[in-house]
Amino acid sequence: MLTGPAVDKLREATRGTEYEGRLYIVGGVVRDEVMGRPTTEDIDIVLEGNALELAQFLYDRGVSEHKPVTYPRFGTAMITVEGHSVELVSARKESYVPTSRKPEVELAGLYDDVLRRDFTINTLLENLHSGEILDLTGKAVEDIRRRIIRTPTDPEKTFHEDPLRMLRAVRFAVRLGFEIEYETWQAVLRNAHRLVIVSMERIRDEFVKILLSDDPARGIRMLKESGL
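Described in the following lines is the structure provided in the data block. (Residues numbered from 1 in each chain as written. Predicted model: local features only at pLDDT ≥ 70, side-chain atom pairs only at ≥ 80, totals over all residues. Heavy atoms only, no water.)

Here we look at unusual backbone geometry
At step 1: Unusually for a residue other than glycine, Glu82 sits at a positive phi of about 55 degrees.
At step 2: In this structure Glu82 comes out as partly exposed when scored by relative accessible area, which is 39%.
At step 3: The phi dihedral of Arg147 falls on the positive side, at around 60 degrees, and the residue is not glycine.
At step 4: Here Arg147 is to be found in the loop between helix 5 (140-146) and strand 10 (148-149).
At step 5: Residue Arg147 is classed as partly exposed on the basis of its relative accessible area of 41%. (Buried < 20%, exposed > 50% of the residue type's maximum accessible area, 1.4 Å probe, protein only. Helix = DSSP H or I, 4+ residues; strand = E, 2+ residues; numbered from the N terminus.)

Given below as structure tokens:
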């Protein structure tokens, strides 16, 4: 079970409430826990319900160090707990228009929520209270074992909708020492040109993370070979 000042405080604050058993840690921290790696990721928590109400509940209880920063369109809220950024997310589905990476969203279940995420290795869920880990795609644990990067759904659709994920594929590959799975890599090659719809600031952030990885030279080669 994940532990730490922020996670422990969130767990205790919601124990015995309507939220007990309904909150799931998702993303990089769960992946790193399964891999036995120290994590530098922020904490993301998803629930089937209203994340904005959860954020207000945590603020009213004195758990959050500031008023929640909310994004009602996306059903998300940001709080800070014990100095750590915590994103609270209402489980959702997303749809995109070709000219933008900003999705239209609708509330959904946990399974739909993990399918909208970038790569299988980032879809693991850990119940905040029980510590149970869910692999709803049936692929995440196996892909971590095989050390591969692939999307939870059709990579062509994944990268066409949000081209920034192609840079993230390279970043995770060089950070973790993984390979990008063949079909996923082919989709990168076909969609590299769509990076033009992403803001330069977001591109810069991913590029800097590639440069700061353990193998930046490999990252640069992959960016060149892919056309990114």
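Quick look at the sheet that holds strand 3 (residues 69-71)
At step 1: Spatially, 7 strands are ordered 3-4-5-2-1-8-9 in an open sheet, and the strand pairing comes out mixed. In the strand order of this sheet, the two ends are held by strand 3 and strand 9 (133-134), each with one partner.
At step 2: Inspection of the sheet shows strand 1 (residues 23-26) paired to strand 8 (residues 125-127) by 3 bridges, in the antiparallel sense. Within strand 8, the position partnered with Val26 by the bridge is Leu125.
At step 3: The sheet strands contacting helix 3 (residues 51-60) are strand 1, strand 2 (43-47), strand 3, strand 4 (76-81) and strand 5 (84-90), and the helix crosses strand 5 at an angle near 140 degrees. (Pairing = 2+ DSSP bridges. Contact = heavy atoms within 4.5 Å. Axes fitted to C-alpha atoms, helices over the stretch in contact; angles between N-to-C directions.)

So, the packing of helix 7 (residues 164-176) against helix 9 (residues 200-211)
At step 1: Running from N to C, helix 7 and helix 9 point in directions that differ by 10 degrees, and their axes come no closer than 9 Å. Classified by the angle their axes make, helix 7 and helix 9 are roughly parallel. Contact residues: helix 7 offers Leu164, Leu167, Arg168, Val170, Arg171 and Val174, while helix 9 offers Arg202, Ile203, Glu206, Lys209 and Ile210.
At step 2: A per-class count over the contact of helix 7 with helix 9 returns 6 nonpolar, no polar and 5 charged. (Parallel < 35°, antiparallel > 145°, perpendicular 65-115°, else oblique. Nonpolar A, V, L, I, M, F, W, Y, C, P; charged D, E, K, R; others polar.)

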